[in-house]
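What follows is each chain in one-letter form.
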Amino acid sequence: MYGKGILKGLGVTLKHFVETYVDDFRRGRKRYGTREGVEYRSSKDVSGLFTVQYPEEQLIIPEEFRFVPFLVYDEGENGEREIRCTSCGICAKVCPPQCIWIHRSEDPKTGRPVPEPAEFYIDIDVCMNCGLCAEFCPFDAIIMDHDFELAVYDRHSNNIYDKEKLLKPASYYQKIRPRNYAAQEKIRQEKAAKKAARARK
Amino acid sequence: MTDTTLVAEHPLLERFPEGVTPDERKGYEGFIVAADRLVEFATALRDEFGYDYLSSVTGVDYLPDGKMEVVYHAYKSTGGGALVFKVQVPRENPVVPSLVSVYPGADFQEREAWDLLGIRFEGHPNLKRILMWEGFAGHPLRKDWKEAYFEEEKKPFGSRWPGGAVHRAEDENPFGKNVVYPPDFDPEKWTPVGDEALYAGLREFKKDDDLKTEQVVVNLGPQHPSTHGVFRMVVTLDGETVVRLEPVMGYLHRNHEKIGERNTYLMNIPFTDRLDYLSSMSNNWGYVQAVEKLLGDKIQVPERAEYLRVIMAEFTRIVNHIFAIGTLLNDLGAYFTPMLYALEERELILDIFEAVSGSRMMCNYFRFGGVARDLPPGVYEKMRDLVFERLPRKIDELDRYLTENEVVRARCEGVGVLTPEEAIAFSAAGPVLRASGVPYDVRRADPYGIYDRFEFDVAVRYHGDVYDRYLIRLDEIRQSIRILQQALDQLPEGDVIFGSPKYSMRVPAGEAYGRVEGPKGELGFYVVSDGSANPWRYHVRAPSFINLTALSRMCEGDKVADAIIILGSIDIVLGETDR
Amino acid sequence: MPDELNAKGYDIPPEMQNTVAITTLDKLYNWGRRYSAWPMMFGLACCAIEMIATAASRFDLARFGMEIMRPSPRQADVMLVSGTVTKKMVPQIVRLYNQMPEPKYVVAMGACASGGGPFKEGYNVVSGIDKFLPVDVYIPGCPPTPQALLYGLMKLQEMMDKQSIKSVRWYQKGDLPEIPVPILGPDLIDPRDYPDFEFKLRQAYAEKTEEEAS
């Protein structure tokens, strides 16, 4: 019969349409606005409405998600910031679009380089979010952020991130990437233990 | 790949005792052909030796030697390795005979080499610039040509570390923009080269026709809702029938190759993501494969990484084909519904990519000797859920509501036909080639990775029309699911990368051509190394670019509305077309 | 009547709260525009795919009144510059912008449209659409995820809320100047550079010879 294909197609779309109501009815209140609901809507079983209603609810961000990088500092006992970066420059060397600028500190007396950056800039209008800087950083000092709400009205005054804007505490790092943090922390502690052992000898 | 021991005794050398010599540079392969024997050589290659498929044509600027080299890669359409042949000409005024008469598929690629490297192809029917505009000063891929924001010959730049003083490149330029003009340029005395020349060639008047209708030249694009990006077709119409069609591209020419030659090898991986931005994993693979060939024995890919590569590449194929079907239906006028359904599945697969690689589209997941990281917990189960349950069900649904649809059939069947002979001659690749009845799939014809371990069929259809190009994508999704099911079942434990990854490495001098069966077709990367940390030449054989060579042939004689769906059925992505 | 329309400081009797709103003309004007900002259906590069994904079912631009993407600039309010702006394409983009009726907004989506992005150094790439068009919102990211795009569009709506009929540039006296369309010469030529073109050209070459000398 001519037109059977069209009718079959319309049947599928009708099914999709009806499913939205059936599914809303079956899942009730839990379907929207809850983590469980968002998880369901990103699972294999989802039928019916597929929308995640940002900003009221958000997709669950996987740990590996990368947006722009940030610098990690450890919080000392008195609240001082211990910047992990030693300004070794590997991130600046590996960056594909070359959007990282590092000015190494120098000891004012001897003129020798000090392992801390005096300045650290990232031009996020050039950054391609590739994550190579974080991947190759030997000190876990630069990490890819999860924060994507960065839209601004003026890029010229906002979009070159300096050291102050890039620095975030290690606790934030732990919060967004618990698994990576735990793994790296383990390695760091082992290293520290070895160092201490060597020092004792 | 050609067996190097065979080159010295290849029957081609017997056939051409003069003018053809083996390429004896270390790390290189194939033959060097004298420019005046090229056409004769290529004809013999095609007719006597069975190398009927010319895959890639590109130029290399050997500045220190004062030479310009044109590199050709030819294959047999029945499968097997490449036959590489080269022509060397002096750098000043390089002239090479055109091969368009032998292999029509060389058309756009020769134009590109003229545009970017300034190699003139004698006998080319339409040797105009293709990516840049007519009137642009210089040939940018020449090694001594420098752009406005030029900083240094090679990355990393010295200004970034240790004394990094932040600056924006535009602040250094007196114009405040990314521009550079010849020193004697005077805007007052200069007249722009407009599109008139382009239009003039397209109008032709029939003389012996009773009913005279005037032909109209219509521009479709570059801003057009169904050109899949910034692509432009200049169409000459007689009534509603397409008389001639000329594709105009370059509106997204982002200088991928020039930047790629400045990058280190590792830096290029995230850039390849942005070629065909719908299928970044396949792009990664093609490039990584080329560089791994150059590295040779120095690097071995662990088992688990091989499997992960196949899994990601096949997921990418599904994402791409499902999107291609969605946009094709969009072009047909089924405004957005099939697209919405297709995008749902795409989103679920992108969730997996995001969890594994960190980004939905720009995955940057492959590394030399493996992949960037292992699967995070929970992802394997998610992949199984999709592959064994949801995707087969949803593909069947897609099949059910579209394939039999009478409107789809009426619009697609018999439209934009490409015969198998034409498809091979035009160097069409991927679904376009296979829908024309040529069962050529790089995964089978020249297996790479571990594809020889899986059971799957090379999808093939025989009509060569838009409808078959739609069906073949459905078939390929099904085959991909089949491969995925096997790969997920067999996925071994172990390392995912060889050794500890380095951020900078030297690559032995030589050339390599890595090719994979991307979702759009054969995706090749031609890399020449001079032994340093940056490639000397980096060229992408882009399937969506070369598939367009056949576009005007497919559209001639069809209606203008069909031109849109024919373009949709080729499935181009402008990031790859223009690079 | 939506609550947000009500101006502060007026007491509406409870029985009329759902039927009457006391408001200013600005508020009404902004409210109307905020929920009917139609984007132009126009994609440049990778970001365009994320723009399509945003319009599709998971993120659903329709919730912001932006689902109607218009292929014609004459019917569009927002130009989403979604991707790398190349020199070959920029004349067309400027022409499209000139054809859009006021009020019109430009959103630079992604690193490329904002500042050239990873391709900035390339010879055919314009380092940011703001070299030619007035941009209202910049969305960083390469590419911005659909949620990042939605956030940027919400920023645009916030911006609309703050505008006043009295001060917006399209209701001032006289015609709005059109942006001169760039020309494709030996390189991209911006007609606005013409007055001191020769001076800049000389400057460029003076710098170059200086560099070579040092």
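Residues numbered from 1 in each chain as written. Chains lettered and ligands numbered in written order. Predicted model: local features only at pLDDT ≥ 70, side-chain atom pairs only at ≥ 80, totals over all residues. Heavy atoms only, no water.

## Overview of the overall build of chain C
Stated precisely, the cut-off is as follows: A run of H or I in DSSP counts as a helix once it spans at least four residues, and a run of E counts as a strand once it spans at least two, with each numbered from the N terminus. Relative accessibility thresholds used throughout: buried, under 20% of the residue-type maximum; exposed, over 50%; partly exposed, between the two (1.4 Å probe, protein chains only).
Regarding its fold elements, chain C presents 6 helices and 5 strands. The order of α-helices and β-strands along chain C, N terminus first, is α-α-β-α-β-α-β-α-β-β-α. The dimensions of chain C, computed from C-alpha atoms along their principal axes, are 80 × 45 × 35 Å. Looking at chain C as a whole, 60% of its 214 residues qualify as buried.

## Examining the overall build of chain B
This is how the line gets drawn: We take the radius of gyration over the C-alpha atoms and set the globule estimate at 2.2 Å times the residue count to the 0.38 power. Any two residues whose heavy atoms approach within 4.5 Å at even a single point are treated as in contact. Note on areas: Shrake-Rupley, 1.4 Å probe, and residue coverage restricted to the protein chains presented here. By the counting scheme adopted, Arg and Lys are positive, Glu and Asp are negative, and His together with the chain ends is not counted. To locate a charge, the coordinates of NZ of Lys, CZ of Arg, CG of Asp or CD of Glu are taken.
Helices and strands together make up the secondary structure of chain B, namely 21 helices and 15 strands. Relative to its length of 579 residues, chain B is compact, with a C-alpha radius of gyration of 24 Å against a globular reference of 25 Å. Taken over the C-alpha atoms alone, chain B extends approximately 70 × 65 × 60 Å along its principal axes. Considering chain B as a whole, with its 579 residues, one finds that 65% of them fall into the buried category. Relative to all contacts within chain B whose residues are 6 or more apart in sequence, the contacts with residues 24 or more apart total 69%. Summed over all atoms, the accessible surface of chain B reaches about 19200 Å², with 50% contributed by carbon and sulfur. For chain B, the centre of its 67 positive side-chain charges and the centre of its 92 negative side-chain charges are spaced 3 Å apart.

## Notes on the interface of chain C and chain B
The condition is simple: Throughout, buried area stands for the accessible area (probe radius 1.4 Å) lost by two parts on being put together, summed over both. Salt bridges are counted wherever a side-chain nitrogen of Lys or Arg sits within 4 Å of a carboxyl oxygen of Asp or Glu. Polar contacts here mean pairs of N or O atoms no more than 3.5 Å apart (in protein, one a potential hydrogen donor and the other a potential acceptor; neighbouring residues in sequence count only if both atoms are side-chain atoms). Each residue gets one of three labels, nonpolar for Ala, Val, Leu, Ile, Met, Phe, Trp, Tyr, Cys and Pro, charged for Asp, Glu, Lys and Arg, and polar for the others, Gly among them.
Facing the 57 residues of chain C at the interface are 67 residues of chain B. Surface buried jointly by chain C and chain B totals about 5700 Å² across both partners, of which 64% is contributed by carbon and sulfur atoms. At the junction of chain C with chain B, the criterion picks out 9 salt bridges. Residues R360(B) and E50(C) are paired through a salt bridge, measuring 2.9 Å at the closest nitrogen-oxygen approach. Linking chain C with chain B are 30 residue pairs in polar contact (both at pLDDT 80 or more), by the criterion used here. Those elements that place two or more of their residues in the side of chain C that touches chain B are helix 2 (46–55), helix 3 (90–99), strand 4 (183–184), strand 5 (188–189) and helix 6 (197–213) of chain C. In terms of residue count, helix 6 of chain C provides more of the side of chain C that touches chain B than any other element does, 8 residues in total. Taken together, the residues that form the side of chain C that touches chain B break down as 33 nonpolar, 11 polar and 13 charged.

## A few points about the packing of helix 9 (residues 280–295) of chain B against helix 10 (residues 303–332) of chain B
Residue and element names in this part refer to chain B. Let me state the cut-off plainly: Between N-to-C directions, angles span 0 to 180 degrees; the directions come from axes that are lines fitted to C-alpha atoms, helices contributing only their stretch in contact. When an angle is under 35 degrees it counts as roughly parallel; over 145 it counts as roughly antiparallel; between 65 and 115 it counts as roughly perpendicular; any other value is oblique.
Where helix 9 contacts helix 10, the two axes come as close as 7 Å, and the packing angle between them is 140 degrees. Classified by the angle their axes make, helix 9 and helix 10 are oblique. Within the contact between the two elements, helix 9 uses S280, M281, S282, W285, V288 and E292 and helix 10 uses R309, V310, M312, A313 and T316.

## Concerning a nonpolar patch on the surface
Test applied: Patch membership needs two things, relative accessible area over 30% and no salt bridge, and members are linked within 9 Å if like-charged or within 5 Å if nonpolar (Val, Leu, Ile, Met, Phe, Trp, Tyr).
Together, L14(A), F17(A), V18(A), Y21(A) and V22(A) line one region of the surface with nonpolar side chains, adding up to about 510 Å² of accessible area. Within the secondary structure layout, L14(A) lies in helix 1 (residues 4–27).

## Quick look at the confidence of the model for chain B
Any region with low pLDDT has predicted coordinates that should not be read closely. Just so we agree on the cut-off: Each residue carries a pLDDT score, the predictor's confidence in it, ranging from 0 to 100.
On average, residues of chain B score 87 in pLDDT, and 96% of them reach the 70 mark or higher. In this model residues 1–5 of chain B is a low-confidence stretch, pLDDT under 50, and it forms 10 contacts with partners more than four residues away in sequence or in other chains.

## Things to note about the interface of chain C and chain A
With 35 residues of chain C in contact, the opposing surface of chain A contributes 31 residues. In this assembly, chain C packs against chain A so that about 2700 Å² is buried in total across both faces, 59% of it on carbon and sulfur atoms. Broken down residue by residue, the surface that chain C buries against chain A is led by R58(C), P140(C) and Q147(C), which jointly contribute 27%. The tally of links from chain C across to chain A stands at 1 salt bridge.

## Considering unusual backbone geometry
All names here are of chain B. The residue after K155, namely P156, is reached through a cis peptide bond having omega 0 degrees. Mapped onto the elements of the fold, P156 is located in the loop between strand 7 (120–122) and helix 5 (169–172). Here the residue pair W161 and P162 is connected by a cis peptide bond, since its omega of 0 degrees sits within 30 degrees of zero. Tracing the sequence through the fold places P162 in the loop between strand 7 and helix 5. Positioned with a positive phi, D571 is a non-glycine residue whose angle comes to about 65 degrees. Summarising the element assignment, D571 is placed in the loop between helix 20 (560–570) and helix 21 (574–578).

## Some words on helix 3 of chain C
For helix 3 of chain C, the buried fraction is high: 8 of the 10 residues fall into the buried class. Tucked into the core, helix 3 of chain C has its buried residues touching strand 1 (78–82), strand 2 (105–109), strand 4 and strand 5 of chain C.

## Remarks on the sheet that holds strand 3 (residues 100–106) of chain A
Spelled out, the test is: A pair of strands counts as paired when DSSP detects no fewer than two bridges linking them.
Read from one edge of the open sheet, 3 strands run 3-4-6 (chain A), paired in antiparallel fashion. In this open sheet, the two strands that pair with only one neighbour each are strand 3 and strand 6 (160–161) of chain A.

## Remarks on the domain arrangement of chain C
All names here are of chain C. The line we're drawing: Throughout, the edges of the domains are those of an automatic or database domain assignment.
Examined at the domain level, chain C breaks down into domain 1 (34–171) and domain 2 (183–213). Measuring from the centre of the C-alpha atoms in domain 1 to the corresponding centre in domain 2 gives 30 Å. Facing the 7 residues of domain 1 at the interface are 5 residues of domain 2. With both chains or domains summed, domain 1 and domain 2 bury close to 480 Å², and 63% of this area falls on carbon and sulfur atoms. When the buried surface of domain 1 facing domain 2 is broken down by residue, K87, P91 and F132 rank first, second and third, together holding 76% of it. Summed over the shared surface of domain 1 and domain 2, the number is 1 salt bridge. For K87, the salt bridge identified is with D187, shortest N-O distance 2.9 Å. At the junction of domain 1 with domain 2, the criterion picks out 2 residue pairs in polar contact (both at pLDDT 80 or more).

## Regarding the packing of helix 11 (residues 337–357) of chain B against helix 2 of chain C
The packing of two helices is summarised by the inter-axis angle and the distance between the axes. In the contact formed by helix 11 of chain B and helix 2 of chain C, the axes pass within 10 Å of each other and the chain directions differ by 110 degrees. Considering the angle they form, helix 11 of chain B stands roughly perpendicular to helix 2 of chain C. Where helix 11 of chain B abuts helix 2 of chain C, its residues M339(B), L343(B), R346(B) and E347(B) lie against I49(C), I52(C) and A53(C). Per-class residue counts for the contact of helix 11 of chain B with helix 2 of chain C are 5 nonpolar, no polar and 2 charged.

## Describing the side chain of K104(C)
Residue and element names in this part refer to chain C. Following the sequence through the fold, K104 ends up in the loop between helix 3 and strand 2. Polar side-chain contacts of K104 include one of 3.2 Å to the backbone oxygen of M100. Apart from residues lying up to four places away in sequence, K104 is in contact with D77, Y97, N98, D136, R169 and W170.

## Section: the packing of aromatic side chains
The geometry of an aromatic ring pair is captured by the separation of the ring centres together with the interplanar angle, meaning the angle of the planes. Convention followed: Classification of ring pairs uses Phe, Tyr and Trp, with its six-membered ring standing for Trp, and accepts pairs whose centres are within 6.5 Å; under 30 degrees between planes counts as stacked, over 60 as edge-to-face, and the remaining range as tilted. The criterion for a charge sitting over a ring is simple: Lys NZ or Arg CZ within 6 Å of the ring centre, and within 35 degrees of the ring normal.
Under the criterion given, the structure shown has 37 aromatic pairs over all chains. Between Y287(B) and F525(B), the ring centres sit 5.9 Å apart and the planes meet at 65 degrees, which makes this aromatic pair edge-to-face. You can see Y287(B) sitting in helix 9 and its partner F525(B) sitting in strand 14 (residues 521–529), a full 238 residues away along the chain. Of the two residues, Y287(B) and F525(B), neither departs from the other in class, the shared state being buried. Ring pairing ties together the aromatic residues W285(B), Y307(B), Y365(B), F366(B), Y448(B), Y451(B), F454(B) and F456(B), which thus form one cluster. One Lys or Arg, R27(A), reaches over the ring of Y40(A) and ends 3.7 Å from the middle of that ring. The ring of F150(B) carries the charged tip of K146(B) above its face, separated from the ring centre by 5.3 Å.

## Some points on the sheet that holds strand 15 (residues 535–541) of chain B
Remark on secondary structure: sheet strands pair via backbone hydrogen bonds, oriented parallel or antiparallel. Residue and element names in this part refer to chain B. Strand order in the open sheet made by the 3 strands is 13-14-15, with antiparallel pairing throughout. Across the chains shown, the open sheet's two edge strands, defined by having one partner strand only, are strand 13 (510–518) and strand 15. The sheet shows a mean angle of 15 degrees between the axes of neighbouring strands, direction not considered. Bridge count between strand 13 and strand 14: 9 bridges; the pairing is antiparallel. Counted as the bridge partner of G514 is F525 from strand 14. The sheet contacts of helix 9 involve strand 13, strand 14 and strand 15, and relative to strand 13 the element is tilted by about 150 degrees.

## Let's talk about the domain arrangement of chain B
Residue and element names in this part refer to chain B. According to the domain assignment, chain B consists of domain 1 (7–122) and domain 2 (256–578). Here domain 1 and domain 2 have C-alpha centroids that lie 27 Å from each other. Together, Y53, Y75 and F108 form the three largest contributors to the area buried by domain 1 at its contact with domain 2, with a combined 24%. Seen at the junction of domain 1 and domain 2, the total is 1 salt bridge. One salt bridge in this structure joins K86 and E511, with 2.8 Å as the shortest N-O distance. The interface formed by domain 1 and domain 2 holds 17 residue pairs in polar contact (both at pLDDT 80 or more) in total. Put simply, the parts of the chain that give the side of domain 1 that touches domain 2 at least two residues each are strand 3 (53–62), strand 4 (67–75), strand 5 (83–90) and helix 4 (107–117). It is strand 3 that provides the largest number of residues to the side of domain 1 that touches domain 2, a total of 10 residues.

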